[in-house]
Amino acid sequence: DDTIYICIDESGNLHKNSSNRFFVIGGFITNNSLKGRSIFKNEILKYKISEGILPKDEVKGSTVPNSKKKIIMENIKTNYQKSNIFEECFIVVDKKNLKKEIEEVNILYNYFLNVLIKRLNSKGKLTNKKIVIKLDNRTIKVGSVNGLYEYLKGEYFFSDVNISEVIYEDSKHREEIQLADFICNYYWKKKKK
């Protein structure tokens, strides 16, 4: 199967009224998102047990110290790469260096996600692959659900990148989105220092 999954979340806030200087959008690419779900589930369960957190409770990346996130992320990379593709991917937006302040968050979110996809494609990661993008369903406003898919489909229509699907998932029930959250939050916290 030539499918590549891009699992995406974000940290920070793009809107001009937010005091966050940095915005991180990213996560990871893989050829097996179910493996990411299962590995993350195991790693987060170990973390919950060590911290006395109930197994049913969701753990957000923002609540885990970066030192522990790094260990979890390294364990995931090690377990993943035995037989599958797994690569972190993200971009950092420095709002102080933008030419205009951002008011239309959804439009710019789509734009920055496309910048990330272009970067992955320039590295040859997406060529002649069927691309499925998985996003946290809290990312998008009602009415814009098809907007991202149509925007990307048009953007890559004449290229060798096949945007097959954009799927909105509930992070509470999709560990691959939780893992994308961990990755984004890790790099966002590093930038904030």
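As shown above, the structure is provided for reference.
(A) Structural view of the packing of helix α1 (residues 33-51) against helix α2 (residues 66-80). It is at 10 Å that the axes of α1 and α2 come closest, and there the two elements cross at 145°. Crossing handedness for the pair α1 and α2: right-handed. From α1, S33, K35, G36, I39, F40, E43, I44, Y47 and E51 reach across to α2, where they touch K68, I72, N75, I76, N79 and Y80. For the contact of α1 with α2, a count of residues per class yields 7 nonpolar, 4 polar and 4 charged.

(B) Focus on α1. In this model α1 runs 26 Å from its N-terminal to its C-terminal C-alpha over 19 residues, within 8% of the 27 Å that 1.5 Å per residue would give. Among all positions of α1, only S33, G36, R37, I39, F40, E43, I44, Y47 and K48 are buried. Contact partners of the buried residues in α1: β1 (3-12), β2 (22-30), α2, β4 (130-136) and α5 (175-192). The N-cap of α1, judged by a side-chain oxygen 3.2 Å from the amide nitrogen of L34 a few residues on, is N32. Looking one or two places after α1, you find G52, whose phi comes out positive at around 70°.

(C) Examining the nonpolar core more closely. Membership of the largest hydrophobic core comes to 28 residues, with the highest contact counts inside it found for I6, I8, L113, I133 and L135. The element contributing the most residues to this core is helix α3 (residues 105-122), with 6 residues. Contact partners of I133, with chain neighbours within four places excluded, come to I6, I8, L113, I117, L152, I163, E165, V166 and I167. Within the second largest apolar cluster, 18 residues are counted, among which are I39, F40, V64 and Y80.

(D) Summary view of the packing of aromatic side chains. In the structure shown here, the tally under the stated rule is 8 aromatic pairs. Plain terms: the ring middles of F28 and F86 are 5.2 Å apart, the flat faces sit at 35° to each other, and that makes the pair tilted. Linking F28 in strand β2 with F86 in strand β3 (residues 86-94), this pair joins segments that are 58 residues apart in sequence. The pair formed by F28 and F86 is uniform in burial state, with each residue classed as buried.

(E) Seen up close, the packing of α1 against α5. At their nearest, the axes of α1 and α5 sit 8 Å apart, and the two run at 70° to each other. With respect to α5, the element α1 is oriented roughly perpendicular. In the crossing of α1 with α5, the sense of the turn from one axis to the other is left-handed. Counting all contacts with α1, which are made through S33, R37, F40, K41 and I44, the residues of α5 involved are E175, E176, Q178, L179 and F182.

Here is what the cut-offs are and how they apply
- Residues numbered from 1 in each chain as written.
- Predicted model: local features only at pLDDT ≥ 70, side-chain atom pairs only at ≥ 80, totals over all residues.
- Heavy atoms only, no water.
- Axes fitted to C-alpha atoms, helices over the stretch in contact; angles between N-to-C directions.
- Helix = DSSP H or I, 4+ residues; strand = E, 2+ residues; numbered from the N terminus.
- Left-handed = near helix turned anticlockwise from the far one by under 90°.
- Contact = heavy atoms within 4.5 Å.
- Nonpolar A, V, L, I, M, F, W, Y, C, P; charged D, E, K, R; others polar.
- Expected span 1.5 Å × (residues − 1).
- Buried < 20%, exposed > 50% of the residue type's maximum accessible area, 1.4 Å probe, protein only.
- Polar contact = N/O pair within 3.5 Å; in protein donor to acceptor, adjacent residues only side chain to side chain.
- Core = buried A, V, L, I, M, F, W, Y, C linked by side-chain atoms within 4.5 Å.
- Phe/Tyr/Trp six-rings, centres within 6.5 Å; stacked < 30°, edge-to-face > 60°.
- Parallel < 35°, antiparallel > 145°, perpendicular 65-115°, else oblique.

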